[in-house]
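This is what each chain is made of:
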Amino acid sequence: MTVDPIHQFAIQDIVPLFTIGGRHFAFTNSALYMFIIVILVSALMIAATLPRAIVPGRLQSAAEMSYEFVANTVRASAGTEGMKFFPFVFTLFMFVLFANLIGLIPYSFTVTSQLIVTATLALVVFFIVVIYGFWRNGLKFLKLFVPKGVPVYILPAIVVIEILSFMSRPISHSVRLFANMLAGHITLQVFAGFIIMLAGFGVLGWFGAALPFILVIMLIALEFLVAFLQAYVFAILTCIYLNDAIHPGH
Amino acid sequence: MAEPTAHTEAPEGHHAFPPFESQHFPSQLLWLTLTFVLLYLLMSRIALPRVAGIFAARQKRIADDLAAAQGFKERSESANAAYMKSLADARARAQAIANETRARQAAEAKANNQRLEDELNQKLAAAERSIAATRTSAMGNVGKIAEDTAAAIVERLIGVAPSAPDVARAVGEANKR
């Protein structure tokens, strides 16, 4: 039993593969969970929709709800034109959501608690926004940094602030998800550790352990909410950023 | 926390904080790219078109069913209208037949009554004629009876039978008074 709250984030090689230029590649526990995510999302979205039932069963209903939920989110924040990014946002949402939810299973591994993973996803979004923004709007994309109706004498300062906030988007985008997952799992592990520690003190300790036990139950419920909410926040921020690329004028 | 560092195999720097261990980044990036692209392809090529197809099929089915329901409704309405029309026709025809029958029967009854009345009138007239004849003959007989009776009474009173012409004359005079 691990009491060290950091140990759950450790990456272990399952199958070492090769080394290129001093960089070591291996099939790790993280990679295993990434594949589990792909398998479970595919099971929901592909296997459960196989009957193509007019009146859906439970799983097909869940698949349809996921589709509609993300489609409505994209349409509401990025407009109808944003729907060309719907498969991307959907993949992103499902990947993050399943990573978060699978991470809540005890002794499992949380892919989204790895900063490199969330940072990569956020940077992909960032570069899609920049590249698509310039490709679609040309230099008019730069209007994104020049808000309308701002007095000329403070405009330079505003432009600098806008550029800074645009550049810091991938940081806040990725750190928000990473930190939520990391902090939630550490908190859970610490309180769960208290239960084991107190229960080791005998009968009196059992009563003492009841308090962290109740806390852990409530925290688990909270973490389920956070798991869903962070996936949603990640997806909706992606939509809002994509909306900037589609409609750069404020 | 009986053995706080039992699981940190190497306490020195490179196991400090797992999410920041940069020696795992190449593997992470490799597998994240692979799995994310795989999931993207599975979703965009298979899953999402299929779900969209399910929605479209459902929408079409609902529209078709509504159209069919509308068709059935129209058919039932026209059938109802036809039924109402034939009902009204039948009612009108029945009314006509009833009126005709009533008129015919009334005419027949009137004719019957007329015939019967005529018959009865004829019989009545015949009866009256026979009564009158009877009365005339009876009245004739009354004179004869009165003469006979008067002759008998006179014979009883005076012991002499009066002659028939006298009696007849006397009765005739008495009847005139």
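A quick note: this is a predicted structure, and the numbers were derived from the prediction, not measured.

Q: Give a description of the pattern of salt bridges that names residues and reports values.
A: A full pass over the atoms with the stated rule returns nine salt bridges over all chains. Its salt-bridge partner being A:Glu64, residue B:Arg58 comes within 2.8 Å of it at the nearest N-O pair. Of this pair, B:Arg58 sits in helix H1 (residues 25–158) while A:Glu64 is found in helix H2 (residues 58–78), placing the two residues in two different chains. In this structure, B:Arg58 and A:Glu64 share a single accessibility class: buried. Across the pair B:Glu77 and B:Lys73 runs a salt bridge whose closest N-O atoms are separated by 3.9 Å. With B:Glu77 and B:Lys73 both in helix H1 and four residues apart, the pair spans about one turn of that helix. Since its relative accessible area comes to 46%, B:Glu77 is described here as partly exposed. Given the relative accessible area of 47%, B:Lys73 is considered partly exposed.

Q: How would you summarise unusual backbone geometry if you had to cite specific residues and measurements?
A: All names here are of chain A. In the Ramachandran plot, Arg52 falls in the positive-phi region, its phi being about 50 degrees despite a non-glycine side chain. Residue placement: Arg52 occurs in the loop between helix H1 (29–47) and H2. Residue classification places Arg52 among the partly exposed positions, given a relative accessible area of 48%. With a phi angle near 70 degrees, Tyr107 is a residue other than glycine that sits in the positive phi range. Mapped onto the secondary structure, Tyr107 falls in the loop between helix H3 (86–103) and helix H4 (115–137). Taking the relative accessible area as the measure of exposure, Tyr107 reaches 74% and is therefore exposed.

Q: Can you break down the nonpolar core residue by residue, with the values?
A: Residue and element names in this part refer to chain A. Counting 67 residues, the largest nonpolar core has Met45, Val89, Phe95, Val111 and Leu121 as the members making the most contacts within it. When residues of this core are assigned to their parent elements, the largest contribution, 13 residues, is made by H3. Core analysis: the second largest hydrophobic core is formed by seven residues, Ile195, Ala209, Leu219 and Ala227 among them.

Q: Got a sec to walk through the interface of chain A and chain B? Specific residues and values, please.
A: Taken together, the contacts link 53 residues of chain A with 36 residues of chain B. Interface of chain A and chain B: buried area, both sides summed, is about 4,300 Å²; carbon and sulfur atoms make up 77% of it. Interface area lost by chain A to chain B is led by A:Ile54, A:Thr91 and A:Ile116, which between them contribute 14%. Taken together, the connections running from chain A to chain B amount to one salt bridge.

Q: An account of the environment of B:Ile46 is needed here, citing residue identities and associated values.
A: Mapped onto the fold, B:Ile46 is located in helix H1. Residue classification places B:Ile46 among the partly exposed positions, given a relative accessible area of 34%. Other than its neighbours up to four places away in sequence, B:Ile46 contacts A:Ile46 and B:Leu41.

Q: Please set out the packing of aromatic side chains residue by residue, giving values where relevant.
A: Residues and elements named next belong to chain A. This model, assessed by the stated rule, comprises 24 aromatic pairs over all chains. Ring geometry for Phe126 and Phe127: centres 5.5 Å apart, planes at 80 degrees, overall edge-to-face. Phe126 gets classed as buried once you look at its relative accessible area, which sits at 12%. For Phe127, a relative accessible area of 46% puts it in the partly exposed group.

Q: Provide a residue-level description of the confidence of the model for chain A, including the pertinent values.
A: The predicted model of chain A averages 90 in pLDDT, with 98% of residues at 70 or higher. In the model of chain A, strand S1 (residues 13–20) of chain A stands out as the element of lowest mean pLDDT, 86, in contrast to H3(A), which has the highest, 96.

The rules behind these values
Per chain, residues are indexed from 1 in the order of the written sequence. Chains and ligands are labelled by the order in which they are written, letters from A for the one and numbers from 1 for the other. At least 70 in pLDDT is required for a residue's local features to be given in this predicted model, at least 80 for side-chain atom pairs to be given and counted, and no such filter applies to totals for whole chains, interfaces and linings, which use all residues. Excluded from the side-chain calculation are hydrogens and water; included are all heavy atoms of the structure. Salt bridge criterion: a side-chain nitrogen from Lys or Arg within 4 Å of a carboxyl oxygen from Asp or Glu. Secondary structure is summarised from DSSP: a helix means a run of H or I of at least four residues, a strand means a run of E of at least two, and numbering begins at the N terminus for each. With a 1.4 Å probe rolled over the protein chains alone, any residue whose accessible area is under 20% of its type maximum counts as buried; one over 50% counts as exposed, and the rest are partly exposed. Residues grouped as a nonpolar core are buried Ala, Val, Leu, Ile, Met, Phe, Trp, Tyr and Cys residues, joined through side-chain atoms within 4.5 Å. Here, residues are in contact when the closest pair of their heavy atoms is within 4.5 Å. When two parts are put together, the accessible area they lose, computed with a 1.4 Å probe and summed over both, is reported as buried area. The aromatic pairing rule takes the rings of Phe, Tyr and Trp, using the six-membered ring of Trp, and pairs them if the centres are within 6.5 Å, calling planes under 30 degrees apart stacked, those over 60 edge-to-face and the rest tilted. As a per-residue measure, pLDDT tells how confident the predictor is, with possible values from 0 to 100.

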